[in-house]
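Notes for the structure review
Here is how the chains run, residue by residue.
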Amino acid sequence: MGPKVMCLMISCTLLAWYMHTTFSANFEQPWKIMMIHSLTKICQLTGTALEKLGLMSYWKFFDILIQGQITAPISDENVTVTDTIVNDILVRYYVPKRKSHELKRAIIYFHGGGSSFGSIALLHYDTFARMAVNKLDAVVVGPDYRKIPKYHHPIQWNDAYDFVKSFLQPETLAKYGVDPTRVCILGDSSGAGLAAAMTQQMLDTDLPSYREYEHGIMLTKALLIRMMREFHTTDESLEQAMKINQHIPAEYSHLLKFVNWTTLLPERFKKGHLYTKRIYGSSEIVEKFPGIIDPIINPLLANDSTVSFLPLTYMLTCQHDILRDDGLMYVSRLRSNGVQVFHEHIEKGFHGSFFSIHWPFDLDLGWRLIGNLISWIDKNL
């Protein structure tokens, strides 16, 4: 047996062992999820190795990986698709060709990717947009935004805010035939945070879901903290403080009531987890990085008077998602302030399952979730 064959066998054996020891079978189509989990880990390790070797940045590697999923703005018999530049940001428009004398609904969609990679031109977003246009006869608009680590907060917020403000101008709405009272703002992952922030104008990193899914599928605690840090700065001291949950100084302890999972999480999600007494961080952290306590980009930190004015809201959370509890607490905050919320919780879902709809994933769950969302919009917008 040659050395190449031996190396291949060893690699396959190690991969099989890793998949077997780190994976729970509590998913639909478990073999597909197992492959997603393993491929994601391999990509994360490769990106880290390339960065350590000085060959390319971690995020550049992921950008290269997704290039094959970038779609061109191709129109068809039902929708006109165009790319344009608005305030130096790429925006993709999906406009239905169906003739109508009535004003149309509109969806503004912010893509995910941890504010570090991705594009509204990716295949799964293109698929969603076309489905929404065909089902809802709605205008779908997807703005990109500048990414970390080259650009930090508030660049992403400003890009998103500037676009929404420009799109909601009367002349723009008239150009696309949009009813100003029937516009919804959506997003997934980091894009969902932007969507929530846009609608109402992260503090604790020791939630039960942060403990249970520290090494979860798609999004791990280490990767999440790195994204959160790079959203604000290249200074790794913030990341170190976040890892030990000491990034909030005592003078901001009044904000903890907005993210106190012992009161905001339903009992079944606490699962015996104990709330450990907080050790506060240095005041210098907030002085250097004020964005970490800014409610404009941290929707959970908004006060009750702001939250109470939010419109009808759709929230999707997944059981096997490190961000599960952030979503659950936000639902609790909204409902306690009288906001009408439709909350869909997926017991066998994971971070990213909403758009895992094309090869090599092609999950039935992803297709169902997209269909559910579009149906909900159709009934409520």
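See the structure printed just above.
Residues numbered from 1 in each chain as written. Predicted model: local features only at pLDDT ≥ 70, side-chain atom pairs only at ≥ 80, totals over all residues. Heavy atoms only, no water.

1. Thoughts on the nonpolar core
Within the largest apolar cluster, 80 residues are counted, with the highest numbers of intra-cluster contacts made by Ile292 and Ile377. Ranked by residue count, the leading element in this core is helix α16 (residues 364–380), at seven residues. Counting 25 residues, the second largest nonpolar core, distinct from the first, contains Val86, Ile108, Phe110 and Ile148. (Core = buried A, V, L, I, M, F, W, Y, C linked by side-chain atoms within 4.5 Å. Buried < 20%, exposed > 50% of the residue type's maximum accessible area, 1.4 Å probe, protein only. Helix = DSSP H or I, 4+ residues; strand = E, 2+ residues; numbered from the N terminus.)

2. As for helix α3 (residues 58–66)
For α3, the set of buried residues is Tyr58, Trp59, Phe61, Phe62 and Ile66. The buried residues of α3 all sit within an arc of 155° when viewed along its axis, so they share a single face. Residues of α3 that are buried in the fold lie against α2 (30–52) and α9 (221–232). (Arc of directions from axis to C-beta. Contact = heavy atoms within 4.5 Å.)

3. Examining the side chain of Asp325
Here Asp325 lies in helix α15 (residues 324–336). Looking at Asp325, its side chain comes within polar contact range of the main-chain nitrogen of Ser209, at 2.7 Å. Look past the residues within four positions of Asp325 in its chain and what remains in contact with it is Leu207, Pro208, Ser209 and Leu265. (Polar contact = N/O pair within 3.5 Å; in protein donor to acceptor, adjacent residues only side chain to side chain.)

4. Side note on the packing of aromatic side chains
Summed over all chains, the structure comprises 20 aromatic pairs. Consider the rings of Tyr109 and Tyr125, whose centres lie 5.7 Å apart with planes at 50°: the pair is tilted. Of this pair, Tyr109 sits in strand β3 (residues 104–110) while Tyr125 sits in helix α4 (residues 123–136); the two residues are 16 residues apart in sequence, bridging distant segments of the chain. The cationic tip of Arg146 hangs over the ring face of Tyr151; the distance from NZ or CZ to the ring centre is 5.2 Å. Looking at Arg226, its charged tip hangs above the ring of Tyr58, at a distance of 4.7 Å from the centre. (Phe/Tyr/Trp six-rings, centres within 6.5 Å; stacked < 30°, edge-to-face > 60°. Lys NZ or Arg CZ within 6 Å of the ring centre and 35° of its normal.)

5. Quick notes on the sheet that holds strand β1 (residues 79–86)
Taken together, the five strands give an open sheet; going across it, the order is β1-β2-β4-β3-β5, and neighbouring strands pair in mixed fashion. Looking at which strands have only one partner, the edges of the open sheet turn out to be β1 and β5 (178–187). Pairwise comparison of adjacent strand axes, ignoring direction, gives a mean angle of 20° for this sheet. The pairing of β1 with strand β2 (residues 89–96) spans eight bridges and is antiparallel. (Pairing = 2+ DSSP bridges. Axes fitted to C-alpha atoms, helices over the stretch in contact; angles between N-to-C directions.)

6. Let's talk about helix α5 (residues 155–167)
Helix length check: α5 (13 residues) gives 18 Å between terminal C-alpha atoms against 18 Å at 1.5 Å per residue, within 8%. Of the positions making up α5, those classed as buried are Gln156, Trp157, Asp159, Ala160, Phe163, Val164 and Phe167. For α5, the buried positions fall inside an angular range of 165° around the axis, keeping them on one side. (Expected span 1.5 Å × (residues − 1).)

7. A word on the pairing of strand β4 (residues 139–143)
By the criterion of burial, β4 is predominantly enclosed, with five of the five residues buried. Along β4, one buried face is formed by Val139, Val141 and Pro143 and the opposite face, lined by Val140 and Gly142, is buried too. Pairing of β2 with β4 involves four bridges; the strand directions are antiparallel. The residue bridging Arg92 from the neighbouring strand is Gly142, located in β4. Bridge analysis of β3 against β4 gives three bridges, and the strand direction is parallel. Its bridge partner being in β4, Ile108 is matched across the sheet by Val141. In this view, the connection linking β3 to its parallel neighbour β4 by way of α4 has right-handed handedness. (Right-handed = clockwise from strand over helix to strand, strands pointing away.)

The values are spatial; any link to function lies outside them.
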